[in-house]
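Survey of secondary and tertiary structure
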Amino acid sequence: MQYSEIMIRYGELSTKGKNRMRFINKLRKNIQEALAIYPEVTVYFDRDRGHVYLHGADYQEVSESLKKIFGIQNFAPSYRIEKTVPALKEAVQTIMQNIYKEGMTFKVAARRSDHSFELDSRDLNQVLGDAVFDVLPNVQVQMKKPDITLRVEIRSDAAYISHEEIRGAGGLPVGTAGKGMLMLSGGIDSPVAGYLALKRGVDIEAVHFASPPYTSPGALKKAQDLTRKLTAFGGNITFIEVPFTEIQEEIKEKAPEAYLMTLTRRFMMRITDRIREERGGLVIINGESLGQVASQTMESMQAINAVTNTPVIRPVVTMDKLEIIEIAEKIDTFNISIQPFEDCCTIFAPDRPKTNPKIKNVEQYEQRLDVEGLVERAVAGVRILEITALEDESDDLSRLIDNLL
Ligand code: ATP
Ligand code: MG
């Protein structure tokens, strides 16, 4: 016997009152996008269940994908069975013979949404339980916490049986909390910050600052690959590449070395905020962690944050590096993050950045620059790409062409 579908239970979601349909629709779309890597799989959602039809796809692989998607409480691979009593009896017998081991307890938990079916749920429990005893006379029934629960559902199209329940990622479906702009470098911290924001339902768009020719196409691809990893948790993510070369050259030329970092970050923050406003985002998310590097002292954060009133969410702010790495490994971004491509900030980084920048000084240095013009040109020059779970070969092709030009 082969699993035909995976049945998804929303659990907690169902309690969300009026928002329920909105939550369910988001979850369905997210699941469809994350499962796009299995072309044969189709997804259908009704009021209280989601159905992922396998059409021959490997249920274990699809289960691994489902485990990552936020907003799923649990799910169960299921067999589709012809809706007749003899077929159901034969199915429970076969299933139990396959999974039963000496001493295991079981129960049948039937329910029917098709009320025209000849047996009601109590009768079904009885008849199917008896069918199991016919082939496994020593098996014990246990109502409370049995080893095996055979869930039988009589639906309008067919009957479905499941016995394995797999825990989902929990959290909220991505997109139900509104949109936030993730400042995504190629480092370890910002993808983890993005993941944690996704978990609470935030629909993220990735903003990446690139400074070609100082930064390589490899560094850009790395940021896009990290974004692709994040699509596993809630579907497609918009990737926004910001041209940052002019700004970095200007700062380097006109400001004192010790303030390069602070000035650079303030520009990143301003530009991200401008893009946020244009695209209807509500917050900015970054990977800052208190005390990790010079730009992440509280004084620095204050100087950098001073350019905007928009809430800046820092999901990893109080975590130790090792705690962040643990999550990066779990979400499979770590090995990409440690690839040796120079980031725009590493290249222009001073040996000794100021750890306690003074806002008064920062503002004075900025007067030497055409801040508004630089920001506007950067925002006007962004390149926007939709990153999906599937790696698109045309991405590589267009990158190749860009590099040749
Ligand atoms: P990460 O590991 O995320 O790169 P980090 O520890 O290297 O972080 P910084 O280099 O100080 O820290 O960067 C702090 C935050 O600023 C990053 O987490 C990220 O959110 C943002 N940031 C840095 N560089 C870039 C970039 N090139 N594009 C977009 N955001 C960036
Ligand atoms: Mg970094």
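Details of the structure are given in the entry above.
So, how was this worked out
- Residues numbered from 1 in each chain as written.
- Chains lettered and ligands numbered in written order.
- Predicted model: local features only at pLDDT ≥ 70, side-chain atom pairs only at ≥ 80, totals over all residues.
- Heavy atoms only, no water.
- Buried < 20%, exposed > 50% of the residue type's maximum accessible area, 1.4 Å probe, protein only.
- Helix = DSSP H or I, 4+ residues; strand = E, 2+ residues; numbered from the N terminus.
- Pairing = 2+ DSSP bridges.
- Near = heavy atom within 4 Å.
- Polar contact = N/O pair within 3.5 Å; in protein donor to acceptor, adjacent residues only side chain to side chain.
- Nonpolar A, V, L, I, M, F, W, Y, C, P; charged D, E, K, R; others polar.
- Contact = heavy atoms within 4.5 Å.

1. Regarding the pairing of strand β2 (residues 42–45)
Burial along β2 is one-sided: the residues Val43 and Phe45 are buried and none of Thr42 and Tyr44 is. In the sheet, β2 pairs with strand β3 (residues 50–53) via 4 bridges, with the strands oriented antiparallel. Within the sheet, the bridge partner assigned to Tyr44 lies in β3 and is His51. Following β2, the chain reverses through 4 residues before pairing antiparallel with β3.

2. Some remarks on the site of ligand 1
Around ligand 1 lies a shell of 22 residues, among which Met183, Ser185, Asp189, Ser190 and Gln292 are the nearest. One of the backbone N or O atoms of Met183 is found 2.7 Å from an oxygen atom in ligand 1. With respect to ligand 1, the side chain of Asp189 contributes an N or O atom lying 2.6 Å from an oxygen atom. Every element with two or more residues in the shell around ligand 1 is listed here: α5 (189–199), β11 (203–210), α8 (260–279) and α12 (344–348). If you tally residues by element for the shell around ligand 1, the top one is β11, at 3 residues. Residues of the shell around ligand 1, tallied by class, amount to 9 nonpolar, 9 polar and 4 charged.

3. A word on the environment of Ala389
Position of Ala389 relative to the elements: it lies in the loop between β15 (383–387) and α15 (393–404). Each C-alpha atom of the pair Ala389 and Lys68 lies 13 Å from the other, and the pair is 321 residues apart in sequence. With sequence-adjacent residues up to four places away left out, Ala389 is seen in contact with Glu33, Ala34, Ile37, Arg228, Thr231 and Asn236.

4. Observations concerning the environment of Ile24
Here Ile24 shows up in helix α1 (residues 20–34). Note on Ile24: relative accessible area 2%, which makes it buried. On a C-alpha basis, the gap between Ile24 and Ala223 in space is 30 Å, while along the polypeptide they are 199 residues apart. Excluding residues that lie within four positions of it along the chain, Ile24 makes contacts with Tyr10, Phe45, Asp46 and Arg47.

No statement about biological role is implied by the geometric values presented.
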